[in-house]
Amino acid sequence: RAFRAQIITLFPEAFPGTLGLSLTGKALKEGKWQLNTVPLRTFGEGKHRNVDDTPAGGGAGMVLRPDVMAAAIATARASQHAGAPLIYLSPRGRPFTQRMARDLATRPGVTMICGRFEGLDQRVIDQFDIAEVSIGDYVLTGGELAAQVMLDAVVRLLPGVLGNADSTEEESFSDGLLEHPQYTRPAEWQGRPIPPVLLSGNHGAVADWRRAQSEALTKARRPDLWQAYKDRKD
Ligand code: ADE
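Basis of the calculations
Residues numbered from 1 in each chain as written. Predicted model: local features only at pLDDT ≥ 70, side-chain atom pairs only at ≥ 80, totals over all residues. UniProt positions renumbered as here; feature names shortened; annotations may be inferred. Domains from an automatic or database assignment. Helix = DSSP H or I, 4+ residues; strand = E, 2+ residues; numbered from the N terminus. Expected span 1.5 Å × (residues − 1). Buried ≥ 20, exposed ≤ 12 C-beta atoms within 10 Å, placed from the backbone. Arc of directions from axis to C-beta. Contact = placed C-beta atoms within 7 Å. Pairing = 2+ DSSP bridges. Right-handed = clockwise from strand over helix to strand, strands pointing away. Near = placed C-beta within 6 Å. Nonpolar A, V, L, I, M, F, W, Y, C, P; charged D, E, K, R; others polar. pLDDT = per-residue confidence, 0-100.

As annotated in an unreviewed UniProt entry, the protein is tRNA (guanine-N(1)-)-methyltransferase from Antarctobacter heliothermus. On record in UniProt, under Sequence similarities (unreviewed entry), the comment for the protein is "Belongs to the RNA methyltransferase TrmD family."

**Looking at the domain arrangement of the protein**
Annotation of the protein at the domain level lists domain 1 (3-155) and domain 2 (170-233). Its C-alpha centre places domain 1 at a distance of 36 Å from the equivalent point of domain 2.

**A word on helix α2 (residues 66-78)**
With 13 residues, α2 ought to run about 18 Å at 1.5 Å a step, and its terminal C-alpha atoms sit 18 Å apart, in line with that. The set of residues buried in α2 consists of Val68, Met69, Ala72, Ile73 and Ala76. Here the buried residues of α2 occupy an arc of 135° about the axis, which is enough to place them on one side. Residues of α2 that are exposed and point more than 90 degrees away from the buried face comprise Asp67, Ala74 and Ala78. In the core, the buried residues of α2 are packed alongside β1 (3-9), β2 (33-39), β4 (63-64), β6 (109-114), β7 (119-120) and α4 (122-127).

**Side note on the pairing of β2**
Both faces of the sheet carry side chains from a regular strand, because those side chains alternate between them. In this sheet, β2 lies alongside β1 in parallel orientation, the contact comprising seven bridges. Across the sheet, Ile8 pairs through a bridge with Val38, a residue of β2. Each parallel crossover has a hand, and the one from β1 via helix α1 (residues 22-29) to β2 is right-handed.

**Some words on the site of the ligand**
Residues in contact with the ligand, as listed here, are Leu89, Ser90, Pro91, Ser134, Ile135, Gly136, Tyr138, Val139, Leu140, Gly143 and Ala146. In terms of residue class, the shell around the ligand is made up of seven nonpolar, four polar and no charged.

**Overview of the sheet that holds strand β3 (residues 52-53)**
Here three strands make up an open sheet; going across it, the order is β3-β4-β7 and the pairing mixed. The open sheet terminates on both sides in strands that have one partner only, identified here as β3 and β7.

**Here we look at the environment of Pro108**
Checked against the element boundaries, Pro108 lands in the loop between α3 (98-104) and β6. Overall, Pro108 belongs to the partly exposed group, with 14 C-beta atoms counted inside 10 Å. Each C-alpha atom, one on Pro108 and one on Gln122, is 27 Å from the other, the two residues being 14 residues apart in sequence. In contact with Pro108, not counting residues within four places along its chain, are Phe3, Arg4, His81, Gly83 and Ala84.

**Section: the confidence of the model for the protein**
Averaged over all residues, the pLDDT of the protein is 95; the fraction at 70 or higher stands at 97%. Predicted complex, confidence summary: ipTM 0.98, pTM 0.95.

**Digging into unusual backbone geometry**
A cis amide bond links Phe15 to the next residue, Pro16, at an omega of 5°. A cis geometry characterises the amide bond from Arg185 onward to Pro186, with omega recorded as 5°. Considering the arrangement of structural elements, one finds Pro186 in the loop between α6 (166-169) and β9 (188-189). Of note in this structure, Ser22 is not a glycine but carries a positive phi near 55°. Residue position: Ser22 is located in helix α1. Since 11 C-beta atoms lie within 10 Å of it, Ser22 is described here as exposed. Residues other than glycine seldom take positive phi values, yet Gln190 does so here, at roughly 50°. Here Gln190 lies in the loop between β9 and β10 (192-193).

Here you go:
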């Protein structure tokens with residue numbers, strides 16, 4: 001029933017992290033989504049519960065063993081809904097986007113594999129047809145923070161999690177533009193007034209001003225988004 005996140009990780013203590021706070025934490029306590037960690041170490045080999053080995057062909061670092069990971073995946077999937085995608089967090093993955101978050105929020109859940117070291121044995125990726133996803137062009141120590149970033153973006157889109165339905169429709173990326181600036185009282189602060197149009201009570205003029213600001217900001221900061229936005233209009 002509720003969206004179920006299954007997380008395979010060497011560091012289950014990293015969860016729920018900030019997902020246990022604020023909006024996502026409240027929704028977790030209310031049972032609007034479920035979070036379950038599958039501790040990879042418990043599937044390790046031998047007395048020391050080894051999960052990794054040296055890379056075939058040589059080189060630095062360690063690679064997660066396919067047999068150990070396969071056992072963890074089987075356990076994670078045994079208590080996952082059918083139709084929940086299997087995702088491996090990796091800087092090699094497809095870039096995570098708001099579109100992907102919206103799609104995941106329509107699914108019954110997600111199973112996420114957090115890597116450490118040099119990564120996963122390629123055969124396990126091929127065997128289970130795992131989708132690799134990156135949260136950006138930088139390298140983290142492990143997938144745990146990336147999994148939390150993705151889950152935060154997904155959980156806030158689940159039904160009943162965000163109070164005001166408008167706030168996901170008006171925010172950045174819903175229309176492909178960056179968000180306009182926001183102001184609140186006092187009307188003047190440090191000699192800086194709130195733009196008068198926002199205090200005019202003219203809703204049409206406010207909407208036009210905000211749209212112009214969004215467009216100017218997107219053009220200046222994100223030429224890639226601006227191009228995509230223009231291509232979408234025509
Ligand atoms: N693991 C390490 N770096 C990562 C990134 N940028 N995105 C997703 N997972 C990662």
